[in-house]
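This is what each chain is made of:
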Amino acid sequence: DYKVTGVQTCALPISRNCAEGNVPGAPGDIGCQRLRHPTRFWRMSTASLQHSIEESIATKQRLLQSCLPQIQALCDLAIRTLKNGGKIMFCGNGGSSCDAAHAAGELVGWFEEKNRRGYAAIALGHETPALTAIANDQSYEVVFARQLEALGRKGDLVIGYSTSGGSKNVVAALRKARELGIATGAFLGQKIGACSELADVAVQVPSLNTEIGRAHV
């Protein structure tokens, strides 16, 4: 599925997983414990690219078929929150943190509608001094919950992103929201976890791979 684009070749067969699974990465990648090759560039085959795109489309089709009521319910909850003077707070880790910031930015900005006021939305965890202070002084597990405790009020809405459904700091944020009387929502994968149990509305993308995050966007 993957082909080397450099001059140097690898002694192992070309495959997704280097050797028999005891060596991380594709042959020649950074982290290859057997070969210790320098950084190499890889080109995906046309078949692999086609499969990836088809899987993305299939995931969104399953999302449409099974999750539309939950998506509508979360939209309605968000609209009620904003109409009643509340704000929406998003949180997530890694790529999900980017999804959270993207969502907040679009609400504050002009997504889909140029003639509207800005909507109150915040992506938690994007204030580096607060993030590092909370993580250093207590733990990374409470970085979102602590910010939520400081910024959240009854009538607000917190939406957590977790492809695993069990990210500890997202779980802690949803639990804190419950304590404060703040509404909760979540964008998840199909795996059942603590986040789905703590969310008033959970959108669970019917997938177990990285297409979960792409569908969240």
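What you see is a predicted model, and the numbers here were worked out from it, not measured in a lab.

**Quick notes on the overall build of the protein**
Thought 1: Scanning the protein from terminus to terminus reveals seven helices and seven strands.
Thought 2: For the protein, the N- to C-terminal ordering of α and β elements is β-β-α-β-α-β-α-α-β-α-β-α-β-α.
Thought 3: Across the 217 residues of the protein, 41% fall into the buried class.
Thought 4: Surface summary for the protein: the accessible area is close to 12300 Å², and the carbon and sulfur share equals 55%.

**Overview of the pattern of salt bridges**
Thought 1: Applying the stated criterion to the full structure yields six salt bridges.
Thought 2: In this structure, Glu 149 engages Arg 146 in a salt bridge whose closest nitrogen and oxygen atoms are separated by 2.9 Å. You can see Glu 149 and its partner Arg 146 sitting in helix α4 (residues 143–151), three residues apart, about one turn around the helix.
Thought 3: Owing to a relative accessible area of 35%, Glu 149 belongs among the partly exposed residues under this scheme.
Thought 4: Note on Arg 146: relative accessible area 48%, which makes it partly exposed.
Thought 5: In this structure, the salt-bridge partner of Lys 176 is Glu 149, at a minimum N-O distance of 3.4 Å. Of this pair, Lys 176 sits in helix α5 (residues 168–180) while Glu 149 sits in helix α4, placing them 27 residues apart in sequence.

**Observations regarding the packing of helix α3 (residues 128–137) against α4**
Thought 1: Running from N to C, α3 and α4 cross one another at 115°; their axes reach a closest spacing of 9 Å. Note on packing geometry: the crossing formed by α3 with α4 is right-handed. Of the residues in α4, those touching α3 at Ala 130, Leu 131, Ile 134 and Ala 135 are Val 143, Arg 146 and Gln 147.

**Here's the deal with helix α2 (residues 95–108)**
Thought 1: For α2, spanning 14 residues, the distance from its first C-alpha to its last is 20 Å, which sits close to the expected 20 Å at 1.5 Å a residue.
Thought 2: Within the sequence span of α2, burial applies to Ser 96, Ser 97, Asp 99, Ala 100, Ala 103 and Ala 104. Buried residues along α2 cover an arc of 160° about the axis, so they all sit on one side. Those residues of α2 that are exposed and aimed more than 90 degrees away from the buried face are Gly 95 and Cys 98.
Thought 3: Summarising the contacts, the buried residues of α2 are in contact with β3 (88–91), β4 (121–123), β5 (157–162) and α7 (211–216).

**A few points about the pairing of strand β7 (residues 201–205)**
Thought 1: Taken across its five residues, β7 has four buried, putting it largely inside the fold.
Thought 2: For strand β6 (residues 183–189) and β7, the ladder comprises five bridges, and the chain directions are parallel. Directly across from Ala 186, in β7, lies its bridge partner Ala 202.

**Things to note about the packing of α4 against α5**
Thought 1: Relative orientation of the contacting elements α4 and α5 amounts to 25°, with a least axis distance of 7 Å. As the angle between them shows, α4 and α5 are arranged roughly parallel. For the element pair α4 and α5, the recorded crossing hand is right-handed. For the pair formed by α4 and α5, the contact residues are Val 143, Phe 144, Ala 145, Leu 148 and Glu 149 on the first element and Asn 169, Val 170, Ala 172, Ala 173, Lys 176, Ala 177 and Leu 180 on the second.

**Let's talk about the side chain of Ser 45**
Thought 1: Within the secondary structure, Ser 45 sits in the loop between β2 (42–44) and α1 (46–83).
Thought 2: For Ser 45, a relative accessible area of 16% gives the class buried.
Thought 3: Polar side-chain contacts of Ser 45 include one of 3.1 Å to the side chain of Ser 48.

**Things to note about the sheet that holds β3**
Thought 1: If you trace the five strands from one edge of the open sheet to the other, you get β4-β3-β5-β6-β7, paired in parallel fashion. Sheet topology places β4 and β7 at the edges, where each strand pairs with a single neighbour. Recorded for the sheet is a direction-independent mean angle of 15° between the axes of neighbouring strands.
Thought 2: Relative to β4, β3 runs parallel, the two being bridged by three bridges. Residue pairing across strands places Phe 90 opposite Ala 123, the latter belonging to β4.

Calculation notes
- Residues numbered from 1 in each chain as written.
- Predicted model: local features only at pLDDT ≥ 70, side-chain atom pairs only at ≥ 80, totals over all residues.
- Heavy atoms only, no water.
- Helix = DSSP H or I, 4+ residues; strand = E, 2+ residues; numbered from the N terminus.
- Buried < 20%, exposed > 50% of the residue type's maximum accessible area, 1.4 Å probe, protein only.
- Areas by Shrake-Rupley, 256 points an atom, 1.4 Å probe, with all protein chains shown as cover.
- Salt bridge = Lys/Arg side-chain N within 4 Å of Asp/Glu carboxyl O.
- Axes fitted to C-alpha atoms, helices over the stretch in contact; angles between N-to-C directions.
- Left-handed = near helix turned anticlockwise from the far one by under 90°.
- Contact = heavy atoms within 4.5 Å.
- Expected span 1.5 Å × (residues − 1).
- Arc of directions from axis to C-beta.
- Pairing = 2+ DSSP bridges.
- Parallel < 35°, antiparallel > 145°, perpendicular 65-115°, else oblique.
- Polar contact = N/O pair within 3.5 Å; in protein donor to acceptor, adjacent residues only side chain to side chain.

Nothing here speaks to function; it is geometry throughout.
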